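Architecture and fold: a report
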Amino acid sequence: MTQEVYHSTDPLHLESGEVLREFDLAYTTYGQLNSEKSNVIWVIHALTGDANAAEWWNGLIGEDKFFDPANHFIICANLLGSCYGSTNPFSENPANGEPYFYNFPQVTTRDLAASLERLRIELAIDQIHTLIGGSLGGQVGLEWAVTLGQKLKNAVILASTSKSSPWVIGFNETQRMAIESDSTWGECHELAGIKGLETARAIAMLTYRHPDDLLIKQSENDEKLDGFRAASYLRYQGKKLANRFNALSYWTLSKAMDSHDLGRNRGGIAAAIGSIEARVLAIGVNSDLLFLPKEAQYISQKAKRGTYKEINSTAGHDAFLIEFEQLAYLLKSYYLEN
Ligand SMILES: CC(=O)SCCNC(=O)CCNC(=O)[C@H](O)C(C)(C)COP(=O)(O)OP(=O)(O)OC[C@H]1O[C@@H](n2cnc3c(N)ncnc32)[C@H](O)[C@@H]1OP(=O)(O)O
Ligand SMILES: N[C@@H](CCO)C(=O)O
């Protein structure tokens, strides 16, 4: 495993019209590029993930796992705006030498894909065998797949969509409202809005799970009036994220998710999906209440060479981070068929 930081001094022109004069992308690699340069697996993390894909996807990546560093060159970069080593709102703004804080520019999923493209060029990777990402990672993956053309062979898009629905945007807005209601929001330090972030994560968790999942794991054994397990679970999850993330990065990346519209300036989403040269495997989760299975099905239907497969789980949206055995099985059958 290697962990590196790519520093770009070439300005990144963002969709908003703003410019990032320079930026960093922290990235992790596992395994070696083979002599044919044909074994690249590029992983894109979700909203609060990091570049260490073999940690959070440990059932899928690692020795004797589906993506094995003995055979594959696996790479994952921390997304721009996130707080795990890439340029984010707490990074120094080269225009004034101060952290960006609330002046960090709006970044879109297309901008995030453009930053990954810079890293690909820097690493002289001419061919990506498989690009794989879930949720926000799937959105960025789709954006990148459109521009990669024949440099990409397979795009695996998990629990994601070609355009963020009003439902997704609505949930993201309630989470930002929670952050805004924190009296420390607006202050310039890493704990600004942190209590609000706890609430935001608690709201988000309800969209990442399914009612049946909570019924199985958080039901009460005794008859009580208060102190419910579901309540302590959500509070715990809020604190857990607040201990490893910050509200400004969360704000930035949730806005990026809202912005996602593969068809923007491309004649609509059907045309944009249809322009992807790679094979596309869209995987939905039957219990996903956030990114609905029909959104993944749509991607597979509009792709020139699309396949749809489904994870069966009570886990809800986050099943793509949990159901490793099914994922490995679906991937294996997909590669055998294609
Ligand atoms: C530096 C980094 O960590 S960044 C990279 C890691 N993160 C990512 O990549 C983001 C993607 N990952 C995720 O979103 C999550 O980790 C997931 C979806 C994969 C798994 O989520 P989890 O929180 O582990 O699963 P789950 O919903 O079952 O909750 C289990 C946790 O809730 C706790 N819990 C369960 N029920 C309750 C309850 N009633 N009250 C309080 N706590 C509870 C458990 O003790 C457990 O705590 P732990 O995480 O400290 O072990
Ligand atoms: N649970 C995921 C978000 C949903 O894809 C994360 O925290 O990154």
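The protein chain has the name Homoserine O-acetyltransferase in an unreviewed UniProt entry, where Algoriphagus jejuensis is given as its organism. Check the Subcellular location (unreviewed entry) section of the UniProt entry for the protein chain; it says "Cytoplasm".

Side note on the UniProt feature "binding site: substrate" (unreviewed entry) in the protein chain
Residues annotated by UniProt as "binding site: substrate" (unreviewed entry) correspond here to R201 and D318. Annotated residues spanning 118 residues; largest pairwise C-alpha distance 13.3 Å, indicating a single compact cluster. Lining residues of the largest pocket drawn from the annotated set just named are R201 and D318. Along the polypeptide, R201 turns up in helix α5 (residues 194–208). The buried category is assigned to R201, whose relative accessible area is 11%. Once residues within four sequence positions are removed from consideration, R201 is found in contact with T48, Y208, Q237, G238, L241 and R244. Mapped onto the fold, D318 is located in the loop between β12 (306–311) and α11 (324–337). Residues in contact with D318, not counting those within four places in the same chain, are Y208 and R209.

A word on empty space enclosed by the protein
Throughout the structure, instances matching the rule amount to one cavity of 30 Å³ or more. In this structure, the largest cavity occupies an estimated 60 Å³ of space. Lining the largest cavity are L47, V168, F171, N172, Q175, A204, T207, Y208, Y250, M257 and L290. If you list the elements that add at least two residues to the lining of the largest cavity, you get α4 (166–180), α5 and α8 (247–259). Across the lining of the largest cavity, the residue classes tally to eight nonpolar, three polar and no charged.

About the cut-offs
Residues numbered from 1 in each chain as written. Chains lettered and ligands numbered in written order. Predicted model: local features only at pLDDT ≥ 70, side-chain atom pairs only at ≥ 80, totals over all residues. Heavy atoms only, no water. UniProt positions renumbered as here; feature names shortened; annotations may be inferred. 1 Å grid on protein atoms, 1.4 Å probe; cavity = no way out; pocket = protein on both sides within 12 Å on 5 of 7 lines; lining within 4 Å. Helix = DSSP H or I, 4+ residues; strand = E, 2+ residues; numbered from the N terminus. Buried < 20%, exposed > 50% of the residue type's maximum accessible area, 1.4 Å probe, protein only. Contact = heavy atoms within 4.5 Å. Points joined across faces, edges and corners; volume = space filled by probe spheres on them. Nonpolar A, V, L, I, M, F, W, Y, C, P; charged D, E, K, R; others polar.

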